[in-house]
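# Observations on chain architecture
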Amino acid sequence: MLKKYIIFALIAILGFYLASTFKEIPFGANRLGDLNDPETVSAFYLQKSPEDLHVANAITAIVVNFRGFDTLGEVTVLFLAVTGLTSILYRKEEEEDEEERLSIPSSSLVRTGAKILFPLILVLGMYVFIHGHLTPGGGFQGGAIIATGFLLMLITYKTFFTNHNVMTWLESIAGLGFVIAGLYGLIVYGSFLQNTAWTGNLNDLLSGGLIPLIYIFIGLKVGTELTSVLDILLNIKPRKK
Amino acid sequence: MAMILFLVVMVIIILAAAIYAILQKDLLYAVLATGVISVILSIFFYLLQAPDVAITEAAIGIALTTIIFIITIRNTTRDEDEYKENHVEKFNKKN
């Protein structure tokens with residue numbers, strides 16, 4: 001019983017400090033200030049990303065360039081999660097017992113629809129991460145869309161298997177590419193993930209220096225990792241009742 | 001006015017779905033209710049001019065998370081009470 005009161009007291013203390021912090025921030029007010037003479041960090045980003053980096057999508061400029069090191073950490077967290085899941089759950093197929101991924105076979109309507117939709121979903125995902133610096137979206141979103149495409153095939157076809165060698169290689173190359181792009185900035189310009197001097201024109205496909213390249217690497221990495229998560233989870237045998 | 005009415009209805013649906021997901025003992029329905037929350041949240045993110053977050057919420061919240069939970073339910077038990085009887089209470093007795 002005492003436990004409950006302690007929990008309520010902790011929630012009350014947390015709520016008090018959260019409320020007293022948020023009370024200071026005027027809700028809905030325009031705190032951006034003048035874009036040409038930036039005082040706040042958001043105005044600085046909004047002014048710098050089109051002018052210096054030539055990136056139309058300011059969010060991409062923040063995620064990949066201004067806060068690129070954090071993104072490397074995020075990608076590493078995802079990689080570690082997938083490694084842990086794989087090391088616990090992955091089992092090599094034994095030849096004797098048949099893989100029973102699907103208990104009920106899909107109807108021909110679903111199978112034909114999945115076959116038509118699968119390449120379209122892959123193209124959409126690649127479009128999202130290749131155009132990450134021009135349109136909304138980017139590496140994480142595109143990778144997740146690609147993983148949903150593979151999910152559709154995995155739950156529709158019994159015979160559809162992803163090639164583990166190709167996935168491992170793609171993922172490793174993408175991860176290495178991100179780090180090499182960062183080290184390139186460190187060696188040539190003196191700071192990790194520093195963007196190249198050449199940044200192209202605003203709204204061009206080839207603009208933003210290293211940003212599109214890094215987002216393509218992130219897209220490939222996230223796509224292969226989420227696909228392998230789904231593949232591993234779907235290949236666990238259902239518990240025998 | 002119509003917009004505000006739409007938003008109010010959406011918020012009520014989110015709250016109802018969240019409470020339903022907590023109270024529901026059949027875990028499959030609870031997972032589907034969290035999927036409903038993600039659908040409406042991605043609409044909200046889009047209306048609040050955050051299309052990047054809306055795409056993420058749509059791809060991860062609606063598709064991947066729901067499917068991962070459904071796969072987990074298939075490999076464990078669908079009924080919350082049954083799980084408690086088989087695992088939690090046995091564990092409590094042992095200790």
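Description of the structure in this document. (Residues numbered from 1 in each chain as written. Chains lettered and ligands numbered in written order. Predicted model: local features only at pLDDT ≥ 70, side-chain atom pairs only at ≥ 80, totals over all residues. Heavy atoms only, no water.)

## Considering the overall build of chain B
Basically, it comes down to this: We count a stretch as a helix when DSSP gives it H or I for four or more residues in a row; a strand needs E for two or more, and each element gets its number in order from the N terminus. All radius of gyration figures rest on C-alpha atoms, and the globule criterion is 2.2 Å times the number of residues raised to 0.38. Categorising residues by exposure relies on relative accessible area from a 1.4 Å probe, with only protein chains included: less than 20% of the type maximum marks a residue as buried, more than 50% marks it as exposed, and the intermediate range marks it as partly exposed. Any pair of residues with heavy atoms lying within 4.5 Å of one another is described as a contacting pair. Throughout, the Shrake-Rupley method with a 1.4 Å probe supplies accessible areas, and for residues the shown protein chains are the sole cover considered. The convention is simple: Lys and Arg are positive, Asp and Glu are negative, and His and the chain ends are not counted. Lysine's charge is taken at NZ, arginine's at CZ, aspartate's at CG and glutamate's at CD.
In terms of regular secondary structure, chain B is built from four helices and zero strands. Put simply, chain B runs from its N terminus to its C terminus through helices and strands in the order α-α-α-α. For 95 residues, the compact-globule formula gives about 12 Å, and the C-alpha radius of gyration of chain B, at 17 Å, lies well above that figure. Oriented by its inertia axes, the alpha-carbon framework of chain B measures out at about 60 × 25 × 20 Å. The buried share of chain B, reckoned over its 95 residues, is 28%. For chain B, restricting intrachain contacts to residue pairs at least 6 apart in sequence, the fraction spanning at least 24 positions comes to 58%. Roughly 6,200 Å² of accessible area belongs to chain B as shown, and the carbon and sulfur atoms make up 73% of that amount. When the 7 basic and 9 acidic side-chain charges of chain B are each reduced to a single mean position, those positions are 9 Å apart.

## Re a nonpolar patch on the surface
Short version of the rule: Patches in this entry comprise residues that are over 30% relatively accessible and not in a salt bridge; like charges within 9 Å are linked, as are nonpolar side chains (Val, Leu, Ile, Met, Phe, Trp, Tyr) within 5 Å. In what follows, salt bridge is the name for a side-chain nitrogen of Lys or Arg lying within 4 Å of a carboxyl oxygen of Asp or Glu.
On the surface, Val-179, Leu-183, Tyr-184, Leu-186, Ile-187, Val-188 and Tyr-189 of chain A cluster together into a nonpolar patch covering about 620 Å² of accessible area. Here Val-188 of chain A is to be found in helix H7 (residues 164-188).

## Here's the deal with the nonpolar core
All names here are of chain A. Note the cut-off: We define a nonpolar core as any set of buried Ala, Val, Leu, Ile, Met, Phe, Trp, Tyr and Cys residues linked to one another through side-chain atoms lying within 4.5 Å.
Within the largest apolar cluster, 42 residues are counted, with the highest numbers of intra-cluster contacts made by Phe-160, Phe-178, Ile-214 and Ile-218. With ten residues, the top contributor of residues to this core is helix H8 (residues 211-234). Ignoring sequence-local partners within four residues, the contact set of Ile-214 consists of Val-64, Phe-178, Ala-181 and Leu-193.

## Section: the interface of chain B and chain A
Where we set the bar: By buried area we mean how much accessible surface two parts lose on assembly, using a 1.4 Å probe and totalling the loss over both. Side-chain atoms alone can form a polar contact between residues adjacent in sequence; in general such a contact is a pair of N or O atoms within 3.5 Å, and within protein one must be able to donate a hydrogen while the other accepts it. Residue type decides the class: Asp, Glu, Lys and Arg count as charged, Ala, Val, Leu, Ile, Met, Phe, Trp, Tyr, Cys and Pro as nonpolar, and the leftover types, Gly among them, as polar.
Taken together, the 16 residues of chain B in the interface contact 20 residues of chain A. Between chain B and chain A, the buried area comes to about 1,600 Å², and carbon and sulfur atoms account for 69% of it. Of all residues in chain B, the largest losses of buried area upon contact with chain A belong to Asp-52, Leu-64 and Arg-74 of chain B, amounting jointly to 36% of the total for that side. Our count for the contact surface shared by chain B and chain A stands at zero salt bridges. At the boundary of chain B and chain A, one finds four residue pairs in polar contact (both at pLDDT 80 or more). Per-element accounting of the side of chain B that touches chain A gives the leading share, 13 residues, to helix H3 (residues 51-75) of chain B. A class-by-class count of the residues in the side of chain B that touches chain A yields nine nonpolar, five polar and two charged.

## Let's talk about the packing of helix H1 (residues 2-23) of chain B against helix H2 (residues 27-47) of chain B
All names here are of chain B. Definition in use: Between N-to-C directions, angles cover 0 to 180 degrees, with each direction set by a line fitted to C-alpha atoms, over the stretch in contact for helices. With respect to orientation, any angle under 35 degrees is reported as roughly parallel, any angle over 145 as roughly antiparallel, any angle of 65 to 115 as roughly perpendicular, and every other angle as oblique. Crossing handedness is defined as follows: a turn of the near helix away from the far one that is anticlockwise and smaller than a right angle gives a left-handed crossing, while the clockwise case is right-handed.
Interaxial distance between H1 and H2 falls to 9 Å at its minimum, and their mutual angle equals 150 degrees. Regarding the angle of H1 to H2, the classification is roughly antiparallel. Considering only the axes of H1 and H2, their crossing is left-handed. For the pair formed by H1 and H2, the contact residues are Met-3, Phe-6, Leu-7, Met-10, Val-11, Ile-13, Ile-14, Ala-17, Ala-18, Tyr-20 and Ala-21 on the first element and Tyr-29, Ala-30, Ala-33, Thr-34, Val-36, Ile-37, Ile-40, Leu-41, Ile-43, Phe-44 and Leu-47 on the second.

That is the geometry; function is a separate question.
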